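Next come the chains, spelled out residue by residue.
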Amino acid sequence: METPTDTDEARIDADDVFARLPTWCRAHLLPTLAIGAALLLLITLLAARLALGSGEAELVGTDLGNQPAPGFTLTDQRGQAVSLSDFRGKAIVLTFIYTNCPDVCPVIARTLQIAYDGLSEDAQDDVVLLAVTIDPERDTAEALRAFSATHNLAANPNWHALRADRATLEPVWASYGIHPGPNWATPGAEGPGHTDAIYLIDAEGRQRVFLRAGVAPQVLADNLEALVD
């Protein structure tokens, strides 16, 4: 024979107490108990609905608190003017590269290419990949086109490798916490430095999460699928 648990004993005691009450008392209590149970069920259902209907996708990465993404207008490898606001309604991957980078930038480009190719066709239509140069003196439109071709991104209409002069780019870099070295056309100046920042921006133009170059392409793809779902 199983030993009753504390919960079982509590229920037995409560049932026994209720059974011992006078008939008139039980008749008054039953509607009250029924209403209380119904209210508890309603509250539970409402809480579950709110949790499911919050509209915020669960993403992997450092939470950026839904802050508005700083806007900019630059020129892509095709010579077209591109503004961040052009892509409202789409999920945006924003990163920073330079075409002569020997290691981190190729990894980022490869990660973006694999992640994008792994998306469903519908999701691809709602995702944009933006890469802003941190070496404007050497990253000409031709250099950005060559970089795009090398990393199998040239044919992707949603890939934009972006450039401008240094004066235009500096406030863009600063707004995203990017601090390249000085102009390395200057004799003795150091290079632009490395950054492996990857920002995910949602369809409402909010910064959602921050990732690093080492992120697995599947993780990035899953994040993007969640953002466009």
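Cut-offs applied
- What you see as residue numbers is a count from 1 along each chain, following the sequence as written.
- Totals for whole chains, interfaces and linings use every residue, but because this is a predicted model, local features are given only for residues with pLDDT of at least 70 and side-chain atom pairs only at 80 or more, for both listing and counting.
- Only heavy atoms go into the side-chain values, all of them from the structure, while hydrogens and water stay out.
- Counting from the N terminus, the helices are DSSP H or I runs at least four residues long and the strands are E runs at least two residues long.
- Exposed residues in this analysis have more than 50% of their type's maximum accessible area, buried residues have under 20%, and partly exposed residues fall in between, with area computed by a 1.4 Å probe over protein chains only.
- We call two residues contacting when some pair of their heavy atoms lies within 4.5 Å.
- Where accessible areas are quoted, they stem from the Shrake-Rupley method and a 1.4 Å probe; at the residue level, only the protein chains shown are allowed to cover.
- For this quantity, the arc is that covered by the directions from the helix axis to the C-beta atoms.
- The pairing criterion is simple: DSSP has to find at least two bridges between the two strands.
- Lines fitted to C-alpha atoms define the axes here, with helix axes fitted over just the stretch in contact, and angles between the N-to-C directions of these axes take values from 0 to 180 degrees.
- Salt bridge criterion: a side-chain nitrogen from Lys or Arg within 4 Å of a carboxyl oxygen from Asp or Glu.
- Per-residue confidence from the prediction method is given by pLDDT, with values spanning 0 to 100.

It is worth spelling out the overall build of the chain at this point. Along the chain, the regular secondary structure elements total seven helices and eight strands. When each of the 229 residues of the chain is scored for burial, the buried share is 38%. Across the chain, contacts joining residues at least 24 apart in sequence account for 73% of those joining residues at least 6 apart. Carbon and sulfur atoms form 57% of the exposed surface of the chain, whose accessible area is close to 12,900 Å².

Structurally, the α-helix is built with 3.6 residues per turn, so residues lying three or four positions apart point the same way. Three or more residues of helix α6 (residues 166-175) are buried, namely R166, L169, V172 and W173. Around the axis of α6, the buried residues are gathered within 120° of arc, so they sit on the same side. Seen from the buried face of α6, the exposed residues on the opposite side, beyond 90 degrees, are A167 and P171. At its buried positions, α6 is contacted by β2 (73-76), β4 (91-97) and β5 (127-133). Looking one or two residues past α6, G177 carries a phi angle of roughly 70°, positive in sign.

A separate point is the sheet that holds strand β1 (residues 62-68). In space, the eight strands of this open sheet follow the order β1-β8-β7-β4-β5-β6-β2-β3, with mixed pairing throughout. Each of the sheet's edge strands pairs with one partner strand only, and the pair in question is β1 and β3 (81-83). On average, each strand axis in the sheet is inclined to that of its neighbour by 35°, with strand direction left out of account. Summarising the sheet, strand β7 (residues 198-201) and strand β8 (residues 206-211) pair through four bridges and their orientation is antiparallel. Residue I198 lies in a different strand from β8, and its bridge partner there is L211. Its contacts with the sheet place helix α5 (residues 141-150) against β4 and β6 (159-163), and it is angled at close to 150° to β6. Against the sheet, α6 makes contact with β2, β4 and β5, and its axis sits at roughly 120° relative to β5, the strand it touches most.

For L224, the position within the fold is in helix α7 (residues 217-228). The spacing of L224 and I201 is 23 residues in sequence and 9.6 Å in space, taken between C-alpha atoms. Setting aside its immediate chain neighbours within four residues, L224 contacts A91, V93, L119, V127 and L200.

As a further point, take the pairing of β8. Where burial is concerned, most of β8 is hidden: six out of the six residues are buried. One ladder, built from four bridges, connects β1 with β8; its direction is antiparallel. Bridge pairing in β8 places Q67 opposite Q207. Connecting β7 to the antiparallel partner β8 that follows it, the hairpin turn spans four residues, and G205 within it adopts a positive phi of roughly 80°.

The next thing to look at is the pattern of salt bridges. Scanning the entire structure with this criterion turns up seven salt bridges. The shortest N-O distance in the salt bridge between R208 and D202 comes to 3.3 Å. Taken as a pair, R208 and D202 share a single burial class, namely buried.

Right, let's talk about the confidence of the model for the chain for a bit. Regions with low pLDDT carry predicted coordinates that are not meant to be interpreted in detail. When pLDDT is averaged along the chain, the result is 82, and 69% of the positions lie at 70 or above. For residues 1-14, every residue scores under 50 in pLDDT, and the model assigns this stretch one contact once sequence neighbours within four places are set aside. Here residues 40-54 is modelled with pLDDT under 50, and outside its nearest four sequence neighbours on either side it reaches zero contacts, counting other chains as well.

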